Amino acid sequence: MIDILCSLTYLSCGRVVTPLFQKLLSASDADLTLSRLVIPKKCAEAYFPRLSGPHKIPINILDTDGKEWNFHFRFWPNSRSKMYVLEGLRDYMVSKKWQAGDVVTFYRIEPGQKLVMG
């Protein structure tokens, strides 16, 4: 299991783990039929790969147990702005027993700039 502290960057097994942001899950974020997570725009633009258009790109994200999950990242045009989403999360959501009101935290592990969600 990856040791994670939310308040600071620290060294774990020769890796630097940096907390990036937290997201309080809304009812739609926890909806298995939608199987997606809306990422706050500022966070998406700061920590996720840049997107050249609204088409989705594959993205691999680790969970806090070290398992790698394959999702899709994209944005939807939204009245002169963009709404960023991670899609294809159904199996992850079931595994983690997501519910509205839960908090999901994103981290980055260096070296390698791997994203972690937990």
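The following paragraphs examine the structure supplied in this document. (Residues numbered from 1 in each chain as written. Predicted model: local features only at pLDDT ≥ 70, side-chain atom pairs only at ≥ 80, totals over all residues. Heavy atoms only, no water.)

Mapped onto the secondary structure, A100 falls in the loop between α2 (90-96) and β7 (103-110). With a relative accessible area of 48%, A100 lands in the partly exposed category. Residues A100 and L24, spaced 76 residues apart in sequence, show a C-alpha to C-alpha distance of 7.8 Å. Once you skip the residues sitting within four places of it in the chain, A100 turns out to touch L25, S26, A27 and A30. (Helix = DSSP H or I, 4+ residues; strand = E, 2+ residues; numbered from the N terminus. Buried < 20%, exposed > 50% of the residue type's maximum accessible area, 1.4 Å probe, protein only. Contact = heavy atoms within 4.5 Å.)

On to the pattern of salt bridges, then. For the structure on display, the rule yields six salt bridges. The salt bridge involving K96 is made with D63; its shortest N-O contact spans 3.1 Å. One end of the pair, K96, is in helix α2; the other, D63, is in the loop between β4 (57-62) and β5 (68-78), and 33 residues separate them in sequence. By relative accessible area, K96 is classed as partly exposed at 25%. Two residues, K114 and E68, come together in a salt bridge whose shortest N-O distance is 2.5 Å. Of this pair, K114 sits in strand β8 (residues 114-117) while E68 sits in strand β5, and the two are 46 residues apart along the sequence. Among the residues examined, E68 registers a relative accessible area of 39% and is labelled partly exposed. Connected through salt bridges with shared partners, the residues K23, D29 and R36 form a single ionic network. (Salt bridge = Lys/Arg side-chain N within 4 Å of Asp/Glu carboxyl O.)

Put simply, side chains in a regular strand alternate between the two faces of the sheet. The alternating pattern of strand β3 (residues 36-39) places R36 and V38 on one face and L37 and I39 on the opposite face, and all of these are buried. Strand direction decides the pairing type here: β3 and strand β6 (residues 81-87), joined by four bridges, are antiparallel. Bridge pairing links R36 to E87 in β6. (Pairing = 2+ DSSP bridges.)

The subject of this paragraph is unusual backbone geometry. In this model, E110 is joined to P111 through a cis peptide bond whose omega is 0 degrees. Looking at the secondary structure, you find P111 in the loop between β7 and β8. Positioned with a positive phi, S79 is a non-glycine residue whose angle comes to about 35 degrees. Along the chain, S79 turns up in the loop between β5 and β6. Positive phi values are uncommon outside glycine, yet Q113 reaches one of about 50 degrees. Looking at the element boundaries, Q113 is found in the loop between β7 and β8. Residue classification places Q113 among the exposed positions, given a relative accessible area of 53%.

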